[in-house]
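This is what each chain is made of:
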Amino acid sequence: MSRRRLSSERAKTALCLLIAINILIYAYRDNFRSHLHLRRTYRIHDGNFQSMLLSIFYHMEPTHLFVNMIALHRYGSELFVNSSSRKWQSVFVVILSYVACGIGAFLGIELLSCFHEYQWEQKLSKARYASRCNHWLCDSLNGALGEDVSGFFTNAWADLTTSFQFADLKMSMWYYQAIYRIGASGVVYGWMGMRLVTSWLSSHHSRLDGLDYFFLIATLAHDLKESPLSLEDLRMSVLLESDGVDHAAHLMGAIFGMFWALALILWEKVTSFGFGGRRWWGSSGGGTGRRLGARWEDEQLLHQQQQQRRDNSRLLNSQGGDQRRPLQH
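These figures come from a predicted structure and were not determined experimentally. (Residues numbered from 1 in each chain as written. Predicted model: local features only at pLDDT ≥ 70, side-chain atom pairs only at ≥ 80, totals over all residues. Heavy atoms only, no water.)

Draft legend 1. Structural view of the environment of Y176. Along the chain, the position of Y176 falls in helix α8 (residues 167-178). Between the C-alpha atoms of Y176 and P228, which are 52 residues apart in sequence, the distance is 9.6 Å. (Helix = DSSP H or I, 4+ residues; strand = E, 2+ residues; numbered from the N terminus.)

Below, the structure is given as structure tokens:
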């Protein structure tokens, strides 16, 4: 069996292993409830690496599991199994890409939630500024006590009135952060983003056709439309009418996958120019690397050898010409 064929089989084994882990966790989550309970999965501001890792393998419905595994097998095959580069076919790269895209989607959700909180704080700040007490009696009281006493009461009143006025936004923020986020969809969309980038920039992957581009762009556009990218998109009425799909995680996974594919492509180009290929990439004969500039030195040495051969050839021709020169009378 050729090395490329062997690398392809290893990548296929890693992909099947990931799919098998998803299926096993779904099948035995009730048998190992103490370790695989839903409450151990990820929530915004209430999760660690272990909860994120469990969430990207956790499914509650067979349809959700089936659709994700079909998409995972398709894009995983195009990215890793059918790649012409043994570096992309590395078992380590396949598993690392799965974990990285899943965790990256959750980190994007964390950033989005922080942006929602920032917008809420801005709304409170505007309300506090509008309710400031500018009466001379307030200024006198603050000056006598040496601190902004009136601001304490006006800020509390502004926070209370704003919370009542925008109660749906406050409740929707709490609900958005409290729900558990499960499934490998973030990974699937991360690999979709990787597939887009590799189709454009990688010489080791096949090009997507028009139908693939239409499907990917339409899917991402739908997730962009349904994602709560601003605080106003988080109104409770919108969340209650949602389809129960975490569209923001899809979008964040796709964005992270694009950057992850760029990082892998750049690293592959760097290692191919002698900056030190590593064993975990799955490259044959790699591991020790080469010193910076070694390729340039090899080219210079080859150039000097060629020049020396040309000089020797000229010298031989010159000596032969002298021997054949006619005698002078």
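Draft legend 2. Examining the nonpolar core more closely. Of all hydrophobic cores here, the largest spans 61 residues; its most connected members are L72, F80, Y98, I109, W191 and M194. Secondary structure elements with two or more residues in this core: α1 (3-28), α3 (49-55), α4 (62-81), α5 (91-130), α8, α9 (185-201), α10 (210-226) and α12 (247-272). Discounting chain neighbours no more than four positions away, the residues touching I109 are Y42, I44, Y176, R181, D246, A248, A249 and M252. (Core = buried A, V, L, I, M, F, W, Y, C linked by side-chain atoms within 4.5 Å. Buried < 20%, exposed > 50% of the residue type's maximum accessible area, 1.4 Å probe, protein only. Contact = heavy atoms within 4.5 Å.)

Draft legend 3. Quick look at the layout of surface pockets. Estimated volume of the largest pocket: approximately 1200 Å³. Along its surface, the largest pocket is lined by 46 residues, and G244, V245, D246, H247 and H250 are the ones closest to its centre. Listed by contribution, the elements that provide at least two residues to the lining of the largest pocket are α4, α5, α8, α9, α10, α11 (236-240) and α12. Among the elements that make up the lining of the largest pocket, the one with the highest residue count is α4 (seven residues). When grouped by side-chain class, the residues that make up the lining of the largest pocket number 22 nonpolar, 14 polar and 10 charged. (1 Å grid on protein atoms, 1.4 Å probe; cavity = no way out; pocket = protein on both sides within 12 Å on 5 of 7 lines; lining within 4 Å. Points joined across faces, edges and corners; volume = space filled by probe spheres on them. Nonpolar A, V, L, I, M, F, W, Y, C, P; charged D, E, K, R; others polar.)

Draft legend 4. Spotlight on unusual backbone geometry. The backbone phi angle of H45 is positive, close to 60 degrees, even though this residue is not glycine. Among the structural elements, H45 can be located in the loop between α2 (33-36) and α3.

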